[in-house]
There are 2 protein chains.
Amino acid sequence: MLRSHTCGELRITHVGQTVTISGWVQGIRDKGSLLWIDLRDRYGITQVTIETENAAKELVETARTLGREFVISVTGKVNERYSKSDKIPTGDIEISPEKITVLNPAITPPFTIEDETDGGDDIRMKYRYLDLRRNPVRRNLELRHRLAIETRLFLDKLSFLEVETPVLIKSTPEGARDFVVPSRMNQGEFYALPQSPQTFKQLLMVGGFDRYYQIVKCFRDEDLRADRQPEFTQIDCEMAFVEQEDILNTFEGLVRHLFKSVKNVDIPELSRMTYADAMKYYGNDKPDIRFEMKFIELNDVVKGKEFKVFNDAGLVVGICAKGAAEYTRKQLDELTEFVKKPQIGATGLVYARYNADGTIKSSVDKFYNEEELKKWAAAFNAQPGDLMLILAGEEHKTRKALSELRLEMGTRLGLRDKNTFACHWVIDFPLLEYSEETSRWHAMHHPFTSPKPEDIALLETDPGKVRANAYDMVINGVEVGGGSIRIFNKELQAKMFGLLGFTKEEAQAQFGFLMNAFEFGAPPHGGIAFGFDRLCSLFGGVDVIRDFIAFPKNNSGRDVMIDSPSPISDVQLNELAIALKK
Amino acid sequence: MLRSHTCGELRITHVGQTVTISGWVQGIRDKGSLLWIDLRDRYGITQVTIETENAAKELVETARTLGREFVISVTGKVNERYSKSDKIPTGDIEISPEKITVLNPAITPPFTIEDETDGGDDIRMKYRYLDLRRNPVRRNLELRHRLAIETRLFLDKLSFLEVETPVLIKSTPEGARDFVVPSRMNQGEFYALPQSPQTFKQLLMVGGFDRYYQIVKCFRDEDLRADRQPEFTQIDCEMAFVEQEDILNTFEGLVRHLFKSVKNVDIPELSRMTYADAMKYYGNDKPDIRFEMKFIELNDVVKGKEFKVFNDAGLVVGICAKGAAEYTRKQLDELTEFVKKPQIGATGLVYARYNADGTIKSSVDKFYNEEELKKWAAAFNAQPGDLMLILAGEEHKTRKALSELRLEMGTRLGLRDKNTFACHWVIDFPLLEYSEETSRWHAMHHPFTSPKPEDIALLETDPGKVRANAYDMVINGVEVGGGSIRIFNKELQAKMFGLLGFTKEEAQAQFGFLMNAFEFGAPPHGGIAFGFDRLCSLFGGVDVIRDFIAFPKNNSGRDVMIDSPSPISDVQLNELAIALKK
């Protein structure tokens with residue numbers, strides 16, 4: 001037996017017992033007559049104390065050979081500490097060792113195994129197994145475990161069945177790029193790794209499974225941004241005999257359950273916002289509603305004076321930052337620089353301070369007098385002490401820029417606390433969006449999303465106006481989940497593929513199995529998928545999803561720890577009947 | 001709202017309520033004045049009864065257009081049935097409909113959606129979504145769900161953390177053939193799909209995770225036997241600071257928990273058998289111990305007479321089939337044919353009947369008199385009424401053949417009931433086995449398995465004699481799980497790779513990350529993996545694992561439903577910088 005207790009378990013009630021604990025040497029202090037070892041495992045730290053003059057010579061010698069991260073086993077008596085520590089749960093006791101066994105020595109790690117480490121990102125990724133020893137990293141993965149098991153318990157209680165769908169599936173051109181797997185038994189042919197189990201979960205509904213879920217790896221061969229991984233995890237769900245309302249209620253319940261059971265946070269019923277309102281009031285289809293600061297459109301208020309910028313603009317729109325009238329010139333210049341960054345793209349920022357004394361000073365006083373500015377203030381419903389910030393230009397671009405400015409102001413004013421959670425639904429997404437690049441319509445969600453029945457007629461006349469029964473769950477401005485009611489009728493599905501530029505033959509070749517399935521009695525159904533990595537990071541109050549993945553890949557899709565991907569042998573290439581192109 | 005209740009839910013207590021149920025039309029009986037519809041969903045069947053003369057004309061018309069597998073919704077009143085059925089839980093009630101809505105019509109399915117279907121394997125695989133509607137198939141997947149969730153609950157209680165390991169990893173030549181994934185961002189390089197998360201779970205132990213599990217997809221590109229799938233699922237587990245005893249106890253607990261919670265079967269503590277004994281007494285490293293019928297070695301008893309076959313044999317060994325002395329000549333001939341089949345490979349079968357009257361008649365009476373045969377009976381501990389069956393030949397081959405005969409006799413004598421479960425451990429496997437084909441040692445379990453400390457010296461002198469801390473869990477003659485205590489020392493791991501024919505450079509290139517990790521303080525650790533598909537089939541009392549996989553592949557690795565694998569476009573090939581060989 002290598003341990004009787006963990007390093008996080010012993011308390012004052014254990015005093016007098018002889019125990020064995022095992023773990024890693026976190027640190028050693030050698031004061032000559034006294035020598036302390038902090039022994040660490042996943043569960044905590046326990047102090048081992050040696051009175052060197054009274055202890056066996058061998059034991060002291062062994063202790064003095066130990067270094068950081070040595071793996072040892074200690075057998076000894078639990079004693080009450082002379083000077084207790086309230087910093088750790090085992091702080092009342094210490095172990096007086098009878099025996100120390102070195103289970104495995106350790107060379108010096110390339111960075112310190114502490115909550116705050118001296119290791120940079122690259123070295124920590126290369127030695128990920130050492131990084132995993134650090135409390136913050138382990139806690140993130142413990143949180144992930146807890147979220148997964150609570151998700152399963154909640155859905156199991158509601159009669160959802162976890163069904164594993166295949167990983168080796170079929171490549172389809174719609175959507176992102178597939179990872180493919182050459183088939184040796186069917187040479188010249190390939191499997192694809194799933195971007196989502198979408199068609200399989202729909203077939204499960206056709207198969208009468210009624211309520212399905214899976215916490216499942218999905219894959220996309222995309223150029224990686226900082227926050228994307230080639231393999232990622234979804235909580236994937238589907239229900240039959242439901243309408244949108246049933247799905248919203250069910251998965252609102254899931255998220256509230258997760259907050260309550262994992263973080264002991266009560267989340268109120270989720271509010272709902274249409275996509276149209278989200279764009280109108282926040283310039284964003286995933287607004288952060290921890291704070292209000294809604295967009296106020298000012299065309300009617302500001303146009304017709306001598307300020308050409310406003311007069312020429314498709315849209316003049318602003319936000320009112322409560323209590324920010326005291327912003328200094330320097331702060332306002334910073335905001336102007338912020339909105340002029342290429343990724344934000346505004347040409348300038350107009351501001352108006354509503355001073356505490358009731359006066360209003362703007363950056364365009366030349367064109368607007370106090371009386372005019374009072375009208376602005378009225379439009380903003382601004383109070384003395386508030387700061388009005390205004391952008392102008394082409395409508396879509398200006399909304400997008402103002403959305404960024406709003407988030408920036410929210411951050412600056414401390415309105416985006418990571419421990420406050422504002423969850424809501426965005427609904428009524430458009431079914432299609434037009435791409436100038438490909439000169440055709442694309443599915444905003446995916447080709448299986450159902451148009452709203454009342455909008456189906458518009459498919460022929462004005463496809464861009466068709467709304468979908470599609471919904472996103474947004475928490476703190478992050479889209480954590482999205483889904484839709486699906487098409488379950490062969491003709492409508494065929495029409496949808498037609499709109500998306502598929503020939504009949506292409507649609508049949510790629511999705512014939514699904515359309516055929518719809519002919520054999522497909523029930524109404526719909527579902528949702530949550531980005532599990534993202535959900536974990538949100539619960540953990542950290543922005544980087546990589547911190548919530550045990551063995552992540554870097555931005556080039558490489559695992560630098562195992563050095564993958566890597567070349568394969570000619571034997572393997574020959575067996576697969578493929579060759580590398582030079 | 002598409003339903004207020006499911007089709008399995010309504011009881012006599014609901015009588016008088018107006019409800020809405022939805023589902024598939026299982027069948028219709030039209031007797032003119034009365035028309036019955038059996039409506040089915042995942043939860044059950046509810047009878048809808050229409051008195052055609054009293055019902056609205058439209059409703060009757062709609063009902064008369066319905067066919068099998070139409071998806072409909074029925075709103076109506078719950079009535080007590082005139083003639084109740086005790087065959088279904090809803091048999092006390094029926095629905096008198098006010099409204100029937102056809103949600104989706106259905107064309108005639110290619111096979112009947114009944115427990116006993118008329119569809120063959122091929123057609124059922126092509127229309128798997130229809131096959132999934134059948135109760136036996138759905139029940140198998142419900143069982144799988146239940147086993148998964150109970151596994152998670154049990155391990156969660158023991159502080160195991162579920163950690164997701166990567167799917168895109170690195171190809172290594174040891175073991176079976178890998179599926180590979182060409183990398184677009186790192187052209188000329190490939191990921192591999194994991195055959196198991198072995199190295200990652202070991203790195204989690206180095207990373208201090210202490211107790212890990214995962215229910216995880218694994219992949220092997222092997223020529224498929226009837227019972228193999230290219231993608232399969234494991235319950236994969238690892239523990240640190242443990243010895244073999246800890247692991248056996250923990251996972252014996254898991255399996256007993258699963259039997260109790262899922263099947264309400266009490267499994268006693270698992271017995272243990274060494275590999276050596278398993279081979280000696282059963283000729284098999286996964287003996288079915290639902291019945292005894294141990295091997296009895298007869299060299300000392302039968303040699304030295306004039307029967308050349310026995311005299312020349314390396315081994316004469318037999319089994320005693322209790323109560324089978326009455327076997328007819330025809331039955332005995334069948335057994336002889338059985339052992340002479342090429343896949344069994346014996347040259348003949350010797351038998352001796354211990355008749356009820358105390359006489360013994362053998363097939364070799366020419367060489368052995370009654371007195372001699374009594375000695376045989378004594379060796380077998382046979383009683384009047386028993387049948388002794390004896391094979392002779394080269395030792396290894398003969399044991400293997402007798403193992404098959406033993407299983408055959410077990411089946412013939414009804415000793416292998418699918419609802420009886422005999423679980424045990426086989427331990428002390430050899431570390432290595434020699435392959436004549438490759439003229440080198442191969443790891444019997446895998447290269448990370450630790451030799452028993454007391455056998456390490458034999459690595460230099462007699463590698464074939466080295467026993468490993470490796471163990472298999474066997475249920476009813478099926479290996480459901482296997483694992484080992486791992487090497488956690490760099491030098492021993494390097495020596496192991498050397499024995500397996502790796503050069504130092506190869507070992508470093510492929511497993512350097514793991515050996516390096518061992519230098520930074522690796523704890524003693526070990527683990528186990530269960531074949532989850534197999535475990536499900538065993539719990540379900542069915543031999544075919546395919547029945548427990550929602551969307552399985554056929555023996556050519558094809559998914560005939562979605563028609564995968566399939567060719568990919570030249571654009572895809574070009575992006576990946578690979579070409580097909582003609």
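Residues numbered from 1 in each chain as written. Chains lettered and ligands numbered in written order. Predicted model: local features only at pLDDT ≥ 70, side-chain atom pairs only at ≥ 80, totals over all residues. Heavy atoms only, no water.

The next subject is the domain arrangement of chain A. Domains assigned within chain A are domain 1 (12-104), domain 2 (138-164 + 198-272 + 422-538) and domain 3 (291-412). Using C-alpha coordinates to define each centre, domain 1 of chain A is positioned 53 Å away from domain 2 of chain A. (Domains from an automatic or database assignment.)

With that out of the way, let us pick up helix α12 (residues 395-412) of chain B. Residues and elements named next belong to chain B. With 18 residues, α12 should cover 26 Å at 1.5 Å per step; its first-to-last C-alpha distance of 25 Å lies within 8% of that length. Residues of α12 that are buried in the fold lie against α7 (275-282), β12 (296-297), β13 (315-321), α10 (329-340) and β16 (387-393). Measuring from the backbone nitrogen of His 396 back to the side-chain oxygen at the start of α12 gives 3.0 Å, which picks out Glu 394 as the cap. Two residues or fewer after α12 comes Gly 414, characterised by a positive phi angle close to 70°. (Helix = DSSP H or I, 4+ residues; strand = E, 2+ residues; numbered from the N terminus. Expected span 1.5 Å × (residues − 1). Contact = heavy atoms within 4.5 Å. Polar contact = N/O pair within 3.5 Å; in protein donor to acceptor, adjacent residues only side chain to side chain.)

What follows deals with the packing of aromatic side chains. Applying the stated criterion across every chain, the model contains 50 aromatic pairs over all chains. Three or more aromatic residues joined by ring pairs make a cluster, and in this case those are Phe 307, Phe 310, Phe 367, Tyr 368 and Trp 376 of chain A. Lying across the ring of Phe 291 of chain A, Arg 406 of chain A places its NZ or CZ 4.0 Å from the centre. Directly above the ring of Tyr 127 of chain B sits Lys 126 of chain B, whose terminal nitrogen or CZ lies 5.7 Å from the centroid. (Phe/Tyr/Trp six-rings, centres within 6.5 Å; stacked < 30°, edge-to-face > 60°. Lys NZ or Arg CZ within 6 Å of the ring centre and 35° of its normal.)

This paragraph deals with the relation of the copies chain B and chain A. Overlaying chain B on chain A yields an RMSD of 0.1 Å, the required transformation being a rotation through 180° with an accompanying axial translation of 0.0 Å. On the angle and the small slide along the axis, the relation comes out as a two-fold axis. The overlap is high: 100% of the interface residues of chain B also sit at the interface in chain A, so the same surface is used on both sides. (Least-squares fit on C-alpha atoms with pLDDT ≥ 70 in both.)

Further remarks concern unusual backbone geometry. Outside of glycine, negative phi angles account for most residues, and trans bonds account for most peptide bonds. The omega torsion of the bond from Ser 564 of chain A to Pro 565 of chain A falls at 5°, within 30 degrees of zero and hence cis. By secondary structure assignment, the location of Pro 565 of chain A is in the loop between α16 (532-540) and α17 (570-576). A positive phi is found at Ser 439 of chain A, a non-glycine position, where the angle reads about 55°. Secondary-structure assignment places Ser 439 of chain A in the loop between β18 (432-435) and β19 (440-443). With relative accessibility at 49%, the residue Ser 439 of chain A sits in the partly exposed group. Despite not being glycine, Asn 264 of chain B has its phi angle at roughly 50°, a positive value. Relative to the helices and strands, Asn 264 of chain B resides in the loop between α6 (244-263) and β11 (271-274). With relative accessibility at 56%, the residue Asn 264 of chain B sits in the exposed group. (Buried < 20%, exposed > 50% of the residue type's maximum accessible area, 1.4 Å probe, protein only.)

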